[in-house]
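What the coordinates show
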Amino acid sequence: MRVFVAGATGAVGRLLVPLLLDAGHQVTGISRSLAGTDRVLRQGASAVQADVLDRDVVRQVVATAAPDAVIDQLTDLSDADGEATNRLRREGTRNLVDAAKAAGVPRIVAQSISWAYAPGEQPADETVPLDLGAPQPRGGMVDGIQALEETAAELDTAVLLRYGVLYGPATWYAPGGPAAAALSGDPAARFLGSVEADLSVISFVHVADAARAAVEALDWPTGPVNIVDDEPAQAREWVPVLANALGVPAPEPTSGQQSWARGAFNGLARSRGWQPAHPTWRSGFAAQLA
């Protein structure tokens, strides 16, 4: 299959490109920077330097690549800029989908998130609605996810990978990353997550498992799929384990809780054959140091 990867040098994309090649796919990856395109070329794929927010350029490069599928792994979180990522979800996805339509591409696999669900007591499955109407700044994030998913669904097949919180290489939770800085009390840490050891529940997924899911999703039917590990957990459980793995102080536990922080259930992904190599953050956090 010919696969066009947007976000080919992000935390997921940099692992995804070699996995696609190993699976026998022909890959074209785009990056905004020359360093990014060089990285993709070194991995053995074709590379194009392009800004996904440039509608005309995107249409041209997708037409030239003539892919059978588009994979959208676009984020802009290196500077903890949530609005920049929301713009990519709205405008970048719009440009990719319009370019795919013009080129006759029937399939897209798109990176979504698993913490945009409406509040509830139990981990959410894919039937739970998004948390539309949430107060800001959460409301803007959820609106961006809704726009991404609705736009992607305009293609014949749109697999929406609702990832858990990503950890592993090149993520915020990697050794020396923003989470470690926040746990160490660095006031300059640029980090949109939380390391408060409260009762809020989230689901994690190792970035390598996220990348493998994107490869497998090329054969999945349309619709959202939670890509999370097997153990949704309260922050007062996972924060001390993360701190220990990173070698930084753990905060004292608190009794607060975000009502929307419920975690997610991965039964649908597992029913399709996806099996995380890191089924729990308990061992996965320590594996980051290997």
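The paragraphs below set out a description of the structure included in this document. As the structure is a computational prediction, the values presented were derived from the model and not from experiment. (Residues numbered from 1 in each chain as written. Predicted model: local features only at pLDDT ≥ 70, side-chain atom pairs only at ≥ 80, totals over all residues. Heavy atoms only, no water.)

So, the environment of I71
Note the cut-off: Only DSSP runs of H or I with at least four residues qualify as helices, and only runs of E with at least two residues qualify as strands; both kinds are numbered from the N terminus onward. Any pair of residues with heavy atoms lying within 4.5 Å of one another is described as a contacting pair.
For I71, the location among the structural elements is in strand β4 (residues 69–72). When the C-alpha positions of I71 and L132 are compared, they lie 25 Å apart, and in sequence the two are 61 residues distant. The residues contacting I71, other than those within four sequence positions of it, are V3, F4, V5, A6, L16, L20, V109, A214 and L218.

Section: the packing of aromatic side chains
Cut-off, in case you're wondering: Planes of paired rings set the category: under 30 degrees apart is stacked, over 60 is edge-to-face and the rest tilted, where pairs are Phe, Tyr or Trp rings (Trp by its six-membered ring) whose centres lie within 6.5 Å. Think of it in three bands: with a 1.4 Å probe and only protein chains considered, a residue is buried below 20% of the maximum accessible area for its type, exposed above 50%, and partly exposed in between.
In this structure the tally under the stated criterion is 9 aromatic pairs. Measuring from ring centre to ring centre gives 5.9 Å for Y167 and F204, while their planes differ by 85°; the resulting arrangement is edge-to-face. Note that Y167 is positioned in strand β7 (residues 165–167) and F204 in strand β9 (residues 204–206), a separation of 37 residues in sequence. In terms of burial, Y167 and F204 fall into one category: buried. Considering the side-chain rings of Y167 and F285, the 5.1 Å spacing of their centres and the 80° angle between planes classify their relative orientation as edge-to-face.

With respect to the side chain of S31
Spelled out, the test is: By the criterion applied in these results, polar contacts are pairs of N or O atoms within 3.5 Å in which, for protein atoms, one can donate a hydrogen and the other can accept it, and in which residues neighboring in sequence qualify only through two side-chain atoms.
Mapped onto the elements of the fold, S31 is located in strand β2 (residues 26–31). Overall, S31 belongs to the buried group, its relative accessible area being 6%. Looking at S31, its side chain comes within polar contact range of the main-chain nitrogen of S33, at 3.3 Å. Beyond its immediate chain neighbours, meaning those up to four positions away, S31 contacts T9, G36, T37, V48, Q49 and A50.

Section: helix α4 (residues 82–103)
Stated precisely, the cut-off is as follows: Helix span, as expected, comes to 1.5 Å for every residue beyond the first.
Here α4 is 22 residues long and its end C-alpha atoms lie 30 Å apart, about the 32 Å a rise of 1.5 Å per residue gives. Residue G104 follows α4 closely and has a positive phi angle near 75°.

Overview of the packing of helix α1 (residues 13–22) against helix α7 (residues 207–216)
Quick reminder of the rule: Axes, fitted as lines to C-alpha atoms, cover a helix only where it is in contact. Angles between the N-to-C directions of the axes lie from 0 to 180 degrees. Note on terminology: angles under 35 degrees are roughly parallel, angles over 145 are roughly antiparallel, angles of 65 to 115 are roughly perpendicular, and the others are oblique. Handedness of a crossing is defined here by the sense of rotation of the near helix relative to the far one, left-handed for an anticlockwise turn of less than a right angle and right-handed for a clockwise turn.
Across the interface, α1 lies against α7 with an axial gap of 9 Å and an inter-helix angle of 45°. Relative to α7, the element α1 is oriented oblique. Between α1 and α7 lies a crossing whose hand is right-handed. Side by side, α1 and α7 meet where L15, L16, L19 and L20 of the first sit next to V207, A208, A211, R212, A214 and V215 of the second.

A look at the environment of V228
Looking at where V228 falls in the secondary structure, it is placed in the loop between β10 (223–227) and β11 (233–234). Among the residues examined, V228 registers a relative accessible area of 0% and is labelled buried. Spatially, the C-alpha atom of V228 lies 9.5 Å from that of G267, the residues being 39 residues apart in sequence. V228 has contacts with S114, R162, Y163, G164, S203, F204, V205, A264, F265, N266 and W274, leaving out every residue within four places of it along the chain.

Thoughts on the pairing of strand β6 (residues 157–163)
Counted only if it meets this: Strand pairing follows a simple DSSP-based rule, namely that at least 2 bridges must link the two strands.
The buried fraction of β6 is high, at 7 of 7 residues. With 7 bridges joining them, strand β5 (residues 107–113) and β6 adopt parallel strand pairing. Residue pairing for β6: R107 is matched across the bridge by T157. Strand direction decides the pairing type here: β6 and β10, joined by 5 bridges, are parallel. Bridging from a neighbouring strand, L160 pairs with P224 of β10.

Here we look at the side chain of T171
Mapped onto the elements of the fold, T171 is located in the loop between β7 and α6 (178–183). Under the relative-accessibility criterion, T171 is labelled buried at 9%. Here the side chain of T171 touches G168 through a polar contact of 2.7 Å, landing on its backbone oxygen. Ignoring sequence-local partners within four residues, the contact set of T171 consists of A11, L166, V207 and Q288.

A look at unusual backbone geometry
Between Q136 and the following residue, P137, the backbone shows a cis peptide bond with an omega angle of 5°. Mapping P137 onto the fold places it in the loop between β5 and α5 (138–152). Here the phi dihedral of A66 falls at roughly 45°; this positive angle occurs in a residue that is not glycine. When you line up the elements, A66 lands in the loop between α3 (55–65) and β4. A residue is classified by how much of its surface remains accessible, and A66, at 33% relative accessible area, is partly exposed. The backbone of A170 sits at a positive phi, close to 70°, despite the residue not being glycine.

Read these as layout, nothing more, since geometry by itself doesn't imply function.
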